[in-house]
Amino acid sequence: MKPPVEKNDYIDVFIEDLTHDGAGVAKVDGYPLFIKQALPGERARIKVIHTKKNFGFGKLLELEEASENRVEPPCPIFQRCGGCQLQHLSYEGQLQYKQDQVKQVMARIGGLTDITVHPTIGMENPWRYRNKSQVPIGEQNGQVVAGFYAERSHQIVDMEECLIQHEDADRAVQLVKKLAADYGIRGYDDRTHKGQLRHVVIRHARSTDELMIVLVTKGTGIPNKKHLVQALKEAFPNVKSIMHNVNPKRTNVIFGEKTTNLWGADEIYDDIDGLRFAISARSFYQVNPVQTEKLYSQALQYAGLTGRETVVDLYCGIGTISLFLARNARRVLGVEVVPEAVDDAKKNAELNGLTNTEFAVGEAEGVLPWWKAQGVEADVIVVDPPRKGLEESLLDTMLDMNPERIVYVSCNPATLARDLKYLTAGGYSVSEVQPVDMFPQTTHVECVTWLEKK
Ligand code: SAH
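Residues numbered from 1 in each chain as written. Predicted model: local features only at pLDDT ≥ 70, side-chain atom pairs only at ≥ 80, totals over all residues. Heavy atoms only, no water.

Student: Would you take a moment to explain the overall build of the protein chain for this structure?
Tutor: Each helix and strand counted, the protein chain has nine helices and 21 strands in total. Computed over C-alpha atoms, the radius of gyration of the protein chain comes to 24 Å, within 12% of the 22 Å expected from 2.2 N^0.38 for 454 residues, which places it in the range of a compact globule. Burial status across the protein chain gives 55% buried among its 454 residues. Residue pairs in contact within the protein chain that sit at least 24 positions apart in sequence constitute 63% of those at least 6 positions apart. Summed over its atoms, the accessible surface of the protein chain is roughly 20,300 Å², and 48% of this surface lies on carbon and sulfur atoms. Computed over 53 positive and 61 negative side-chain charges, the inter-centroid distance for the protein chain is 6 Å. (Helix = DSSP H or I, 4+ residues; strand = E, 2+ residues; numbered from the N terminus. Rg over C-alpha atoms; globule rule 2.2 N^0.38 Å. Buried < 20%, exposed > 50% of the residue type's maximum accessible area, 1.4 Å probe, protein only. Contact = heavy atoms within 4.5 Å. Areas by Shrake-Rupley, 256 points an atom, 1.4 Å probe, with all protein chains shown as cover. Lys, Arg positive; Asp, Glu negative; His and termini not counted. Charge placed at Lys NZ, Arg CZ, Asp CG, Glu CD.)

This is the structure we're talking about:
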């Protein structure tokens, strides 16, 4: 069957839905068209820009009837930059959208239709929340540029500020850009693999105001290194650590293997709910500190600890969730694949005087069966995997260990739903799902799920 519309058609449509990547959906005789920056309930004039057999894409030309949830995006480069997708949707609208997305995915992928998905826990001020910025540096027409990539491209959209990151990150990016230009340091071009400066990474600790600046370069040398460090120190009285990472590879992975200290400490410190954490350049640390506290509190509540439990924390990073749990458990075992993060986790346990924790370096899939063979009996298993979710072999080990409760923290509802389906088939029931908005203005959703043995 031929699509009912053709490329370059101008048509009027009604927007029915919003996809997981934030595009509006209109249907023409049942044929879906995806239209960026259109919102449900809107009538719009669009131009068809691409058609495929089962769906097509349109460009929003004019709104004939705007949604009451539509707002003016405050960021001047929102239309071009691929960092945020939902600035044109009111914040209440975003929270509702995220809850709806989770419900839909649970039903569609997990077959879980009668579970409780709570309203999304949002932020009072959903701006300037990010504590980490990883900004690509490049060159355009002989000028050093710094900014995020346009959606689905490797074209840097040069920026002056980013309204979801900390103000110090904005200032640091501008300064690094200027210093690179002044000292003749070339921006890196990922198509030709030419140039030197690849990324500037800035980490800010919200509770202590400490700042870390990491320069990622292709080669080992940085021209005028001393001046650069001096200028950064002078501009930022709160900078505690200036680091250098070398990434010689042709890759879109930001960090290379080698990190050295240019000035100050190797880590900065942040507090969450009375716990102190050391954070180093390459360790994972939740990017939204205000929401992290809410996320971890929810995870703790779902873990239902009384002080007598043995808890296993898989994908523990620098041990943040582990330490939250350790205050209320008999013993916590954490596992994490990045060795530096495990070093941080051990240091963090010591820093907080928590002696009932143990941390192992390795893949959760490999370490959990080993612990089980050593006779570890987990009352509660907490998992917080990357986007791809859990492997079946790991899910099987978890089921074999037969804990009373499982708490699943996830940044990808699709893999969460897939894994919940497996766990429910294996004898667990999903008690509650709590979406937490860790990433306002974007389509990303974080969820904490509580499962109990049937
Ligand atoms: N729970 C932590 C970290 C979550 S992010 C927090 O809230 O801060 C996921 C972590 O899983 C990352 O630190 C990543 O390095 C780690 N990881 C990725 N694959 C892994 C694997 N196969 N086994 C163990 N850890 C892994």
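Student: Please explain the UniProt feature "binding site: S-adenosyl-L-methionine" (unreviewed entry) in the protein chain as it appears in this structure.
Tutor: The UniProt entry lists Q286, Y315, E336 and D384 under the feature "binding site: S-adenosyl-L-methionine" (unreviewed entry), expressed in the numbering used here. When its relative accessible area of 5% is taken as the criterion, Q286 is described as buried. Residues in contact with Q286, not counting those within four places in the same chain, are N131, T292, L295, Y296, D384 and M438. By the element assignment, D384 lies in the loop between β18 (380-383) and α8 (392-401). (UniProt positions renumbered as here; feature names shortened; annotations may be inferred.)

Student: Can you help me understand the packing of helix α7 (residues 364-373) against α8 in this one?
Tutor: Angle between the axes and distance between the axes are the two parameters that describe a pair of packed helices. The N-to-C vectors of α7 and α8 enclose an angle of 25°; their axes lie 9 Å apart at closest approach. Taken together, the axes of α7 and α8 are roughly parallel relative to one another. Between α7 and α8 the crossing geometry is left-handed. Taken together, the residues of α8 that come into contact with α7 (itself represented by A364, E365, L368, P369 and K372) are S393, L394, T397, M398, D400 and M401. (Axes fitted to C-alpha atoms, helices over the stretch in contact; angles between N-to-C directions. Parallel < 35°, antiparallel > 145°, perpendicular 65-115°, else oblique. Left-handed = near helix turned anticlockwise from the far one by under 90°.)

Student: Even after reading the chapter, I still don't get the sheet that holds strand β16 (residues 331-336), so can you show me in this structure?
Tutor: Across a sheet, strands are paired by hydrogen bonds formed along the backbone, either parallel or antiparallel in direction. The strand order β6-β20-β21-β19-β18-β15-β16-β17 describes an open sheet built from eight strands, whose pairing is mixed. Where the open sheet ends on each side, the last strands, each with one partner, are β6 (116-117) and β17 (357-361). Relative to strand β19 (residues 405-410), β18 runs parallel, the two being bridged by four bridges. Within β19, the residue paired with V383 across the bridge is Y408. Together, β18, β19, β20 (428-436) and β21 (446-453) form the strand contacts of helix α4 (residues 289-303), whose direction differs from that of β19 by roughly 160°. Along the sheet face, helix α6 (residues 339-351) touches β16 and β17 and points at about 170° away from the line of β17. (Pairing = 2+ DSSP bridges.)

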